[in-house]
Structures are given as structure tokens and as C-alpha cells.
Amino acid sequence: MASVSSSKDPKELHALKLRAMKYYQENGVPVKMEQILNSMFHDDPPDVYGHLVNFFDQFTKPPILKKVTAQQAIDCLGQSAVQTNVYCTVNNKDKLLCSVTIPNPNLKVKPEEKEKAELDLQDSVNAAIKIINEELADTFSGIDPINQSEIDALILSIFEKKKEEDLAKKAKEEENQEEPPPPPPPAEEKDKKKSAKQAKKEIIAERKESLTGKGGKSVIALDIPPERPAEYFTPGSEAVSAISQSVCACAANGSHIPVYRHIANLARTKGAVNEFRIPLPMVTMIQSGRQGVGKVRCIKEYMVVPGPALSIDKSIGHIQNIYNHVAKSFTTKMGVTAKYVNEIGALCPPVDTPTQALDLLQEAVNGEGLTIGEDVFLAINAAAHECFDFEKGKYEVVSGSLKSGDEMVEFWADIMTKYPSVCAIIDPLRGQDHEAWMKLCERISEGVFIVGDHFYDRPGVTRKEEFPDPVMTSGIAFNLERMTSVTDIIECSNKFQNAKNEIVIATNQGDTTDTFIVDLAVGLNARFFKLGGPCRGEKSAKLNRLAQIASELEPAIPMVEEEEAQNETLAQSEEEKEEEEIVTEEKTWGQNENSRLKLHDLFFFPLIQKKPIPTEECEEDVDDEKRSSSSTPKKAK
């Protein structure tokens, strides 16, 4: 049988060869083949074809999104969760590049509304899986997964449109409701007079009760700012977070770098993108509050935080020992058994006073041979919005004991004085209680981080809002849930870090063993990583991932070397020093540089206080200063 070349006309064959040569030369194939064949002979790799694959892999096109699918998974509470699978075109083939299981959002509802909220959440999760598989599967086809902001903007716009349509539909349904039933037929004149008299008596009784109270005592009408209205989420909103996280992980896998490294590349605009610090675990040891079995209402979580100087390996070991010590103490002193471990892995014994739990934690730390306030710190999640009684306009500190906003300021100031080892307090008051919040900040912010969690809205909303003046927190907690994308978290995190707020990345109650959120915390250079107790699989997986990342990083530069470098810098002339600072600011490590561990700085607590109201004299001084500065030429750097 004649070959294909022999059957072709010589002119056609020559033209074909020319086209082939042009094709291979345009793609640089001959040069690359010659290069690898010459070097491979001298390298003598044990796997010849594997060596060729590794060489040509650097010239392949980046993975391109092909489709996204979703399936049902189970979270730690036995509820349905969304698992997202991302397929990409890699080396001309469609491959599953990553799978991510997102945690279910925290249900911020009253206990009596929890059952209905859980049913609505499960309906929303099922809707998200259906929407991803039927409507969004091919929406991102052809997009490079590294374009995180573009993908997040696209998926958010889709669900914002769905939300607008749902709200418009609900408004239309309310307008089209049936007319109210007609009034009853007129009664006899006698009945009319009787009903009129009765109505008048009821109105008088209501007015009297509003002024004097049911017991006849005088009361004052309360003007309480209401809670922030609950945001409406269209069913299936979990798809936003699911797709955003899975695409982010996919881009990292496609680039052959860890997820935390990819997030750092997305988030950091200056400095060394290859330096990472392991966030300090903020671990819940004891949980009380309204959902607890004791009398305490004003503290939801008692947490321990390893100090900045401890390595993550030592921190995890101490956390486990402290947890076991606390569990044994409750068992021996109160007869508490393991049944008091709740769904987030925290101990849930009957705590009757805040000092009871704080003293026990200090005792457990000292029992480890550690110094409280140096090696290990304490932290409090007050969740003040949960212990506020709207009917009485006060906070319920312990069962039956109520305090006003000003009284809570004194209460927390007293706690911080007695326990200087407390380094952070989350939501100590309602966010709407601005005056008391600022009073508290002025009292305690120099010695503790004031962290806003419920104080702020979700990141997608908060990042678009302007800061109050002054900024009312020194830390902010972020959760990944529902309409929150990776881009939202990144932009909001950068915004708050520029405002000198520490970043706290927090897990959800409906958690899974997926560890994406750990890489997010490391990539964002977060100071703290908040999770539940260290005795459940989904929580232990997070701690294990922190330790794994630390083992991947090169050791930090010893402090002695840093001090020597600083002394050399001080010895330089002022002009050379300025030039070096400019270079240092602009320098970023190369893509192929190894990642290095960065040590934590010691805690610095910025003072939060109201700005003084300027008097007429102060205003005149400011005007004079402005006029003088405008007339003085600026000195060139």
C-alpha cells in the first residue's frame, strides 16, 4: 500500500512541509525539543518521559473553566450542604480540578424561630444545587479561573437580579391581595351605644396602662434603636459562596501553588507576597449565654488564644491540654459529663458567673506551666445582641439581673481590670447602642481588641460603606457564607487592615472538614482564626491544616539577625536610608521564591475615642494652620 506522502503531488507535498515547518517554528517546537534533548542526556533522569512532561508543562496553556456542578454533602450538624465541583480544560482534556464543600451559614434567629429557619435553609441549599446544575453549569465556560473578581462579579450580579425579581414578585402579590371582608351588618341602636362606650373604656385603659404600667407604677417610654433589618436572601444564595470558593481553589491548583499563596497574590498590593504568618487560633473552651444551661447571659463564648511567640505546634498541644483540664475540672467539681459538649465542640456546663469560667481558664493555663497574659491569652465573645431585652431596654447579665448600656460599660471595664489577660472582646454591646459603645472603647480599648462581628453587616455590604469617624472597632470578624464571595472578603479585609483593624476569620456552626477557610486566613494575613472546641473532626481538620501550612514554610528569620540588620540600617546615612525604604516598599518576591514563615508582632491595642468637638478658638487655630501650610512650599521627598 502506498504511503500518504507518495500518493501526493510533489508540489502539494512541498507546500505541506513548508506549512508544517512554519507551524512548528511559530510554536517554538524545534528549539524546545533540541534544548530538552541536549540537557536530558546529561541529567539522565530516572523517568525519561516524566522529565519531558515536566519540561513541556511550563509551556502549556493555563486551565480554562469548562463547567461547574454541585451535589449534596452533609455538614457537622447532619444538615445538607453544597459541594461544588469545577471542571477545566487542561492539556486539551476536560478534568475535575477541585471540589469544595461550603459550610452552612450561622442562623441568627431567636430560639423559637430556629426550627423554621433550619427548614428554610435546607430548601435554600437544595435550590442552590439545582441552580448550579441547571442554570450556571456552563455560565463560566471559557473564563480563566484566575480572574476571581470577574467571576465573583458575574455570579453576584445573577443573584442580585434574582433577588430583585423575588422582591418585586412579593410586592405585587401583596398588592393583589383580596379586598378586606365587608363590615358586619349594622346592629341595633342600643348595641351601637354599648359598643361605643366599651371602645371608649378600652382606649382609656390602654392609655393609662402605657403611662403607669400594669402594676400602676409610673414608667418612662423607651426609645430603643431597633436591630438592623434582616437581609432577604433569595433561595439558592449559597451558590455565590460555593462557586467563588471552588473557583479560587481551582485557580490555585491550576497554577500548582497552595491556595493561601494564590489568595495572597490576589489580595496583597505591596510588600512580600511570599511571607506568611499563621493566624493565632481563637479556640472556644466554654459556651454559655442564652443557649447555655447556667445563669450567665452576657457571655456566649470563653476562648483561649496562644500568645504571638508560641509556634502553632506548641499552641495546638497546649490548647488540647487546657481543654482536657477544663473538662476534668467541671466533671470533678460539678459532676458535669461529656453530654455538655455542644455542636461546635465547646464545653457547655452550668456557668453561673463570668468569673467562675474565667478563673477556671486561668487555672488551666497555669496548670500547663504557662504564664497567663504572655504565653496564653483569654478572649470573650459577648454577642450582646442576644442578651438584650427589648421590652425592658436593658442587657441581661445573669438570669434575672439587668443592666443599662452605661452600667454595662462599668461591668466590662471591671472585668478587664480583674482579668488583664483578656486580649479581645467580640460585640460587647449592641451595635445600635453607639453612645455606650464609644464610652466602653474609651475605657478599655487601650488594653483589648474591640472586635465587631454582628456589629457589621456582611462583607459584600460593609466594603461599600464608609467608615464612621472615628472607626469604632480595632478588629472585625468575617464568615464565609451565602452572598459572600472571596473578592468581598479580600476587599473588606484590605479596607479594615488599612484602618488598623485586626482581621478575624471565623468558622460557622454548620461546618465541614473542608479547609479552604484556613488557607483564606493565612493568605489574608489574618491575626486570629476563630473556631469551636478542639474535639470535633471539622475543627481538628482546621488546626491540622494550620500546622501543615507552617511545616511547608521556610523558617522565619531569627530575631537576632533582624536586630543586626536594623543596626546596620541605622548606621547608614540618612540619604541612603531613604532610598532603601523606597526600594523595600516596592519589592515583592518572585513567583518562584520559596514561601517564608513570618513571626507575629506583639499585640498593639489602638485607643478608640470620640473626636473632641472643636471650639471657636480651636477652629481659628486650625484655619491659621491651614493658611500657613498652604503658603509654605512642600518639601520634596
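What you see is a predicted model, and the numbers here were worked out from it, not measured in a lab.

**Student:** Sorry, what's going on with the sheet that holds strand β3 (residues 93-101) here?
**Tutor:** Within a sheet, neighbouring strands are paired by backbone hydrogen bonds and run either parallel or antiparallel to one another. Strands sit in the order β1-β2-β3 across an open sheet of three strands; the sheet is antiparallel. Strand pairing shows two members of the sheet lacking a second neighbour, β1 (64-74) and β3, which therefore form its edges. Neighbour to neighbour, the strand axes of the sheet diverge by 25° on average, direction disregarded. Judged from the 10 bridges that link them, β1 and strand β2 (residues 80-90) form a sheet pairing that is antiparallel. The residue of β2 that forms the bridge with L65 is C88.

**Student:** So what exactly am I meant to see when it comes to the sheet that holds strand β10 (residues 401-403) here?
**Tutor:** With antiparallel pairing, the three strands of this open sheet are ordered in space as β8-β9-β10. At either end of the open sheet lies a strand with only one pairing partner, and these are β8 (388-389) and β10. Relative to β10, strand β9 (residues 394-398) runs antiparallel, the two being bridged by three bridges. In the sheet register, Y395 faces β10, and the bridge partner there is K403. Strands β9 and β10 of the sheet are contacted by helix α12 (residues 405-418), whose axis makes an angle of about 105° with β10.

**Student:** I keep staring at helix α13 (residues 434-444) and nothing clicks. Help me out?
**Tutor:** Among the residues making up α13, those that are buried are A436, W437, M438, L440, C441 and I444. In this fold, the buried residues of α13 make contact with α12, β11 (422-426) and β12 (449-452).

**Student:** What is the right way to read the side chain of R277 from this model?
**Tutor:** Its location among the elements puts R277 in the loop between β4 (275-276) and β5 (280-287). A relative accessible area of 10% means that R277 is categorised as buried. A polar side-chain atom of R277 sits 3.2 Å from a polar atom in the side chain of N525. Each residue touching R277, except ones within four places of it in the same chain, is listed here: E502, V522, N525, A526, R527, K598 and H600.

**Student:** Even after reading the chapter, I still don't get the pairing of strand β7 (residues 376-381), so can you show me in this structure?
**Tutor:** Among the six residues in β7, six count as buried, and that is most of the element. Of the two faces of β7, the one lined by V376, L378 and I380 and the one lined by F377, A379 and N381 are each fully buried. Judged from the six bridges that link them, strand β6 (residues 301-306) and β7 form a sheet pairing that is antiparallel. Each residue of the ladder has a partner; that of V305, found in β7, is F377.

**Student:** Quick question: what am I supposed to make of the confidence of the model for the chain here?
**Tutor:** As a note on interpretation, predicted positions should not be read in detail where pLDDT is low. Summing up the model confidence of the chain, the mean pLDDT is 84 and the portion of residues at 70 or higher is 80%. Note on residues 210-221: pLDDT under 50 across the span, and 10 contacts to partners over four residues away in sequence or across chains. Per-residue pLDDT stays below 50 along residues 579-587; that stretch engages in six contacts with residues further than four places along the chain or on separate chains.

**Student:** Can you walk me through the pattern of salt bridges in this structure?
**Tutor:** Opposite charge on two side chains allows them to pair when their charged atoms are near. Inspection of the entire model under this criterion finds 24 salt bridges. As a salt-bridge pair, D414 and K418 come within 3.4 Å of each other at their nearest N and O atoms. In this pair, D414 and K418 both sit in helix α12, four residues apart, roughly one turn of the helix. Residues joined by salt bridges that share partners form a network here, namely K163, E231 and R458.

**Student:** Quick question: what am I supposed to make of the side chain of T84 here?
**Tutor:** Structurally, T84 can be placed in strand β2. With residues near it in sequence (within four places) discarded, T84 still touches V68, T69, A70, C98, S99, V100, A242, I243 and S246.

**Student:** Even after reading the chapter, I still don't get the packing of aromatic side chains, so can you show me in this structure?
**Tutor:** Here the distance between the centres and the angle between the planes together describe a pair of aromatic rings. Counted by the stated rule, this structure contains 18 aromatic pairs. Ring geometry for Y260 against F276: centres 5.1 Å apart, planes inclined by 80°, an arrangement best described as edge-to-face. Pair noted here: Y260 is in helix α9 (residues 259-267) and F276 is in strand β4, with a separation of 16 residues, a long-range link. For the pair formed by Y260 and F276, the shared burial category is buried. For the pair F449 and F528, a centre-to-centre distance of 5.9 Å together with 70° between the ring planes defines the contact as edge-to-face.

Conventions we followed
- Residues numbered from 1 in each chain as written.
- Predicted model: local features only at pLDDT ≥ 70, side-chain atom pairs only at ≥ 80, totals over all residues.
- Heavy atoms only, no water.
- Pairing = 2+ DSSP bridges.
- Helix = DSSP H or I, 4+ residues; strand = E, 2+ residues; numbered from the N terminus.
- Axes fitted to C-alpha atoms, helices over the stretch in contact; angles between N-to-C directions.
- Contact = heavy atoms within 4.5 Å.
- Buried < 20%, exposed > 50% of the residue type's maximum accessible area, 1.4 Å probe, protein only.
- Polar contact = N/O pair within 3.5 Å; in protein donor to acceptor, adjacent residues only side chain to side chain.
- pLDDT = per-residue confidence, 0-100.
- Salt bridge = Lys/Arg side-chain N within 4 Å of Asp/Glu carboxyl O.
- Phe/Tyr/Trp six-rings, centres within 6.5 Å; stacked < 30°, edge-to-face > 60°.

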